[in-house]
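A structural walkthrough
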Amino acid sequence: MATDYGGIDELLGLSTPRGGEHGNNNGVPSGPAVAVNNDHGDTAMGGVLQNREMEVPRWLSTTDVTAHLVGRGKKKTLEEEYESTIVIAGHGSGTKDPKVEGFHLPHLFITMTGYDVRQLGRLRRALEDSLIDYVIENTPEQEDSRNAPPSLGRLLYSLALSAANASPKTKDHTPNRTVLARSHYPMIYHTRRTIEEGANGPATKKVWMNVVELPQDDSTSEYHGRFLAGKQGSLLEYYRTKFNCRVDIYGVWGDDDDLMCAPYVLVTSEEGKSNVDRCLQFIEHRVREHEEKYGASRAGGRRILRGEMQMSDS
């Protein structure tokens, strides 16, 4: 039996307007006096249609995640609550319309459209919360209830980077840069999050955050990362005292079955961006030494540090 892709497109907000109705290929209603602002202006209201974009990491870009975000009537509920429209494209979205922005991307790409940027911001937060819930619900509970699921930190970093890139105020679009993100620790920030003023639960905690890829053994494909902790966790304490950073290493302690993404290192600091950057530089040099000594490498190659970028430009 042929698959009815029309039903999928309708779910994602991609239905084609009927003859005589105003509309566009993004499923956004339009009229003769409406202008679409694609440069992410900050006007709250005033008759100008605003677009906001959100990228979902590849390892979460599945049809199950799409259904979790907008399936079973959730899309209609979100659109009505936040007075916006939602279009999801890219790998895992299920859409078959190549005209939709993001159709060819290897990950989910969400476009939110509305007249009030405050509502669009709230909608983005609601979708982020839904992704966080998906990771929590699909990961075994940790022995220490304060600890987040191993994949959560990587998700929070990806969401923060996506939000920063979408902001009109962002000038630095360097990939893999340190950004301000929601803290992964302790878990109470996500299990009892504050959605509206007056709700029970702690306020959101923000930290400076970045991620480091771990090398794999060239012969066994096993990930190496324990060396970054040091003997009896001595290096973890060094990161705290020297850089005021918390460093979490995931996927090398027998916890890889709990991971939804590849093993990685999460570096966070409440103090400042420079703390994370200096800690990353220290970690990167140790990873390079380990790769050369033990025949391991990273799929994306070495991380380019700021000083090296300046040298290559000169």
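Here we summarise the structure given alongside this text. All values reported here derive from a predicted model rather than from experimental measurement.

Criteria and cut-off values
Each chain has its residues counted from 1, running along the sequence as written. The predicted nature of this model means local features are confined to residues of pLDDT at least 70 and side-chain atom pairs, given and counted, to a pLDDT of 80 or more, with totals for whole chains, interfaces and linings taken over all residues. As a rule here, side-chain values cover all heavy atoms of the structure and leave hydrogens and water aside. Only DSSP runs of H or I reaching four residues or more are called helices, and only runs of E reaching two or more are called strands; each is numbered from the N terminus. A simple rule labels every residue: compare its accessible area, found with a 1.4 Å probe on the protein chains alone, to the largest value its type can have, and call it buried under 20%, exposed over 50%, or partly exposed in between. Contact definition: two residues touch when any of their heavy atoms are within 4.5 Å. Areas reported as accessible are Shrake-Rupley estimates using a 1.4 Å probe. Residue values count occlusion only from the protein chains shown. What we call a nonpolar core is a set of buried Ala, Val, Leu, Ile, Met, Phe, Trp, Tyr and Cys residues that are connected through their side-chain atoms within 4.5 Å. By the convention used here, strands pair only if DSSP detects at least 2 bridges between them. Fitting a line to C-alpha atoms yields each axis, with helices limited to the stretch in contact; the angle taken between N-to-C directions then spans 0 to 180 degrees. Any Lys or Arg side-chain nitrogen located within 4 Å of an Asp or Glu carboxyl oxygen qualifies as a salt bridge. An angle below 35 degrees is treated as roughly parallel, one above 145 as roughly antiparallel, one from 65 to 115 as roughly perpendicular, and anything else as oblique. Each helix crossing is assigned a hand: it is left-handed if the near helix lies turned anticlockwise from the far helix by less than a right angle, otherwise right-handed if that turn is clockwise. In this classification, Asp, Glu, Lys and Arg are treated as charged, Ala, Val, Leu, Ile, Met, Phe, Trp, Tyr, Cys and Pro as nonpolar, and every other residue, Gly included, as polar.

To continue, consider the overall build of the chain. Counting its secondary structure elements, the chain contains nine helices and ten strands. For the chain, the residues scored as buried account for 45% of the 314 residues in total. Contacts spanning at least 24 positions in sequence make up 65% of the contacts within the chain whose residues lie at least 6 apart. In the form shown here, the chain has an accessible surface area of approximately 17,000 Å², with 48% of it arising from carbon and sulfur atoms.

What follows deals with the nonpolar core. Ranked by internal contacts, the top residues of the largest apolar core, which has 41 residues, are Leu-60, Ile-110, Leu-127, Leu-131 and Leu-155. Ignoring anything within four residues of it in the chain, the contact list for Ile-110 reads Arg-52, Glu-53, Met-54, Val-56, Leu-69, Ile-86, Val-87, Ile-88 and Leu-127. Among the nonpolar cores identified, the runner-up in size contains 19 residues, and Leu-228, Tyr-239, Cys-279 and Leu-280 belong to it.

Within a beta sheet, neighbouring strands are joined by backbone hydrogen bonds and run either parallel or antiparallel to one another. Spatially, four strands are ordered β5-β6-β9-β8 in an open sheet, and the strand pairing comes out antiparallel. Sheet topology places β5 (179-182) and β8 (246-250) at the edges, where each strand pairs with a single neighbour. Strand-to-strand, the axes of this sheet are offset by a mean angle of 40°, without reference to chain direction. Relative to strand β6 (residues 206-213), β5 runs antiparallel, the two being bridged by four bridges. Following the sheet pairing, Ala-181 is matched in β6 by Val-207. Relative to strand β9 (residues 264-269), helix α8 (residues 273-294) is tilted by about 150°, and along the sheet it contacts β6, β8 and β9.

In this section: unusual backbone geometry. Glycine aside, residues mostly have negative phi angles, and peptide bonds mostly take the trans form. At Gln-232, a residue that is not glycine, the phi angle is positive and equals roughly 55°. For Gln-232, the location among the structural elements is in the loop between β7 (216-217) and α7 (234-243). Accessibility expressed as a relative area gives 86% for Gln-232, which makes it exposed. The backbone of Asn-244 shows a phi angle near 55°, a positive value even though the residue is not glycine.

Moving on: the pattern of salt bridges. Under the definition given, this model contains 14 salt bridges. Between Glu-128 and Arg-124 there is a salt bridge, with the nearest N and O atoms lying 3.4 Å from each other. In this pair, Glu-128 and Arg-124 are both assigned in helix α4 (residues 117-137), four residues apart and thus about one turn of the helix distant. Judged by its relative accessible area of 10%, Glu-128 falls in the buried class. Within the structure, one salt-bridge network assembled from shared partners comprises Arg-124, Arg-125, Glu-128, Asp-129 and Arg-182.

Moving on: the pairing of β9. The buried count for β9 comes to six of six residues, which makes it a mostly enclosed element. Taking every second residue as pointing to the same face, both faces of β9 are buried, with Tyr-264, Leu-266 and Thr-268 on one and Val-265, Val-267 and Ser-269 on the other. Of the strand pairs in this sheet, β6 and β9 are connected by six bridges, and their pairing is antiparallel. Considered in β9, the bridge of Trp-208 is made with Ser-269.

Bringing the packing of helix α3 (residues 74-82) against α4 into the picture now. For the pair α3 and α4, the least separation of the axes is 9 Å and the interaxial angle reads 150°. The orientation of α3 relative to α4 falls into the category roughly antiparallel. Crossing handedness for the pair α3 and α4: right-handed. Taken together, the residues of α4 that come into contact with α3 (itself represented by Leu-78, Glu-81 and Tyr-82) are Gln-119, Arg-122, Leu-123, Ala-126 and Leu-127. Class assignment for the residues of the contact of α3 with α4 results in five nonpolar, one polar and two charged.

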